[in-house]
Each structure stands twice: as structure tokens, then as C-alpha cells.
Amino acid sequence: MLRVSGGFHRDLDPQTGQVIREDPVAPGIYLATQRQPDGRYLTVEYTKDGSVRVAYWMNAACEILDESGKPTQDALVCPVDPGKPHLMILVPPPIQNLVPSALLLQEGNLQDDFDEDGKTEPGYLKTTGSGGNSGGVLAVAYWPDSRQAKYIYTLFGQQGGANFLTEDLLRFTLR
């Protein structure tokens, strides 16, 4: 079971990066897995209030399986680092009947200290942007020694029209 042990949601000033508002994240269950006799894992992700967000089948490599048991994409957060060169996540299309797009997170050492503990962690990172008007960061980190999930971090902002900058951090413990 992967539990949220804390974290924050911050609204930042898009010009200065200064914190305007910060709300703590309450502890709770993030995801639970149950190994089946055939080697698959029944995986359940939970919302902040503890209700089921989604359930799916996953293999030992943290790949989400389709109805026939074939891998379709990687799980964004795995209880233990899957040790892959990248993670591929499918993003639903904005309009029905279009194919989903792929979001690739590259493996590496996260040196930007997203969780503010002064340490470098192994993990996966994706940066996005569109012509200087919007952009963001998505990072998933693991503890260097145990390779267990440590945190997921997102930063997203937009300038022009509706200016905003938000930052989210979920810290994990594995039980």
C-alpha cells in the first residue's frame, strides 16, 4: 500500500514565484495493490477523500494491462522504481474518437530538489511548454537506497489572459 504522508498545494505569483497561498495535503491512501495467483496486480487508486478513483490490472513492471492482458502504458507512480529508461503515459484526447497522445517521462537523477530536502533522487521527469505562454514540470521520485516511491511533484503555469502558477507535492510512504 502506498500512502500519502503529506505534501502541499501552492498558488504562486506567476511573475515572482512567491507563495500566495499554501494548503497542506492530508495523509491518506494513494494506491493499493493485491497480487493475484497469475502474477498480475489488482491496483486501486484513491482520491484525496478516500474514495476509489480508478481500478486496473498491472504487471510486475508497473505496466497497466488491457482486457487481454497486454501492456498499454506505464503506471505514473509505482510502489517501487520500475527501473525503465522512460515512462509512457497515455493522455486522453480532448475530443472523443481521437487517439490519445503519449506523455514520456525520462529517467534520471532529479537534482532540482522538488521536495525541498536537499537531496538528489532517482526518478522520472517531463517538462512541457507552448510558445512561452504555458508550461510545467511533472516529476516522480524514488528513495535512492530502497527505490521505493518518495514523491510526485507538479508545477504548471500560464501567462496571458488567466495568469496562474500552481505547485503540488505528494510525499509517499510504502507499507
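Provided above is the structure to which this section pertains.
Residues numbered from 1 in each chain as written. Predicted model: local features only at pLDDT ≥ 70, side-chain atom pairs only at ≥ 80, totals over all residues. Heavy atoms only, no water.

A.B. asks: Please explain the side chain of Lys-84 as it appears in this structure.
C.D. replies: Residue placement: Lys-84 occurs in the loop between strand 7 (71-74) and strand 8 (86-91). Here Lys-84 falls in the buried class, since its relative accessible area comes to 13%. Reaching out from Lys-84, the side chain makes a polar contact with the side chain of Glu-63 at a distance of 3.1 Å. At a separation of 2.4 Å, a polar atom in the side chain of Lys-84 contacts the side chain of Asp-74. Setting aside residues up to four positions removed in sequence, Lys-84 forms contacts with Ala-61, Glu-63, Asp-74, Glu-107 and Tyr-124. (Helix = DSSP H or I, 4+ residues; strand = E, 2+ residues; numbered from the N terminus. Buried < 20%, exposed > 50% of the residue type's maximum accessible area, 1.4 Å probe, protein only. Polar contact = N/O pair within 3.5 Å; in protein donor to acceptor, adjacent residues only side chain to side chain. Contact = heavy atoms within 4.5 Å.)

A.B. asks: What is the right way to read the environment of Asn-133 from this model?
C.D. replies: Here Asn-133 shows up in the loop between strand 10 (121-130) and strand 11 (134-142). With a relative accessible area of 47%, Asn-133 lands in the partly exposed category. A sequence separation of 118 residues divides Asn-133 from Gln-15, and the C-alpha atoms of the two residues are 13 Å apart. Once residues lying within four places of it in the same chain are set aside, the contact partners of Asn-133 are Gly-157, Gln-158 and Gln-159.

A.B. asks: What should I look at first to understand the nonpolar core in this one?
C.D. replies: The tendency in soluble globular proteins is for nonpolar side chains to be buried side by side. Among the nonpolar cores identified, the biggest contains 24 residues, and Leu-2, Tyr-30, Val-77, Leu-105, Ile-152, Leu-170 and Phe-172 are the most heavily contacted of them. At the level of secondary structure, the elements contributing two or more residues to this core comprise strand 1 (2-12), strand 3 (28-35), strand 5 (52-58), strand 8, strand 9 (101-110), strand 11, strand 12 (149-158) and strand 13 (164-174). Of the residues forming this core, the biggest block, 3 residues, is contributed by strand 11. With residues up to four places along the chain from it excluded, the contact list for Ile-152 reads Leu-76, Val-77, Leu-138, Ala-139, Val-140, Asp-168, Leu-169, Leu-170 and Phe-172. With 9 residues, the next largest nonpolar core counts Phe-8, Phe-114, Val-137 and Tyr-151 among its residues. (Core = buried A, V, L, I, M, F, W, Y, C linked by side-chain atoms within 4.5 Å.)

A.B. asks: Which parts of the structure should I look at to understand the packing of aromatic side chains?
C.D. replies: Aromatic rings in a pair are described by how distant their centres are and how their planes are angled relative to each other. Going through the model one piece at a time under the given rule, you end up with 4 aromatic pairs. Note on Phe-114 and Tyr-153: the rings are 4.5 Å apart at their centroids and 20° apart in plane angle, and the pair reads as stacked. Taken together, the residues span a long stretch of sequence, with Phe-114 in the loop between strand 9 and strand 10 and Tyr-153 in strand 12 at a distance of 39 residues. Residues Phe-114 and Tyr-153 agree in their burial class; the two are buried. Ring geometry for Phe-156 and Phe-164: centres 5.8 Å apart, planes at 40°, overall tilted. Above the plane of the ring of Phe-8 lies Arg-10, whose end atom (NZ or CZ) is 3.7 Å from the centre. (Phe/Tyr/Trp six-rings, centres within 6.5 Å; stacked < 30°, edge-to-face > 60°. Lys NZ or Arg CZ within 6 Å of the ring centre and 35° of its normal.)

Note that every value here comes from positions in space, so none of it alone points to a role or purpose.
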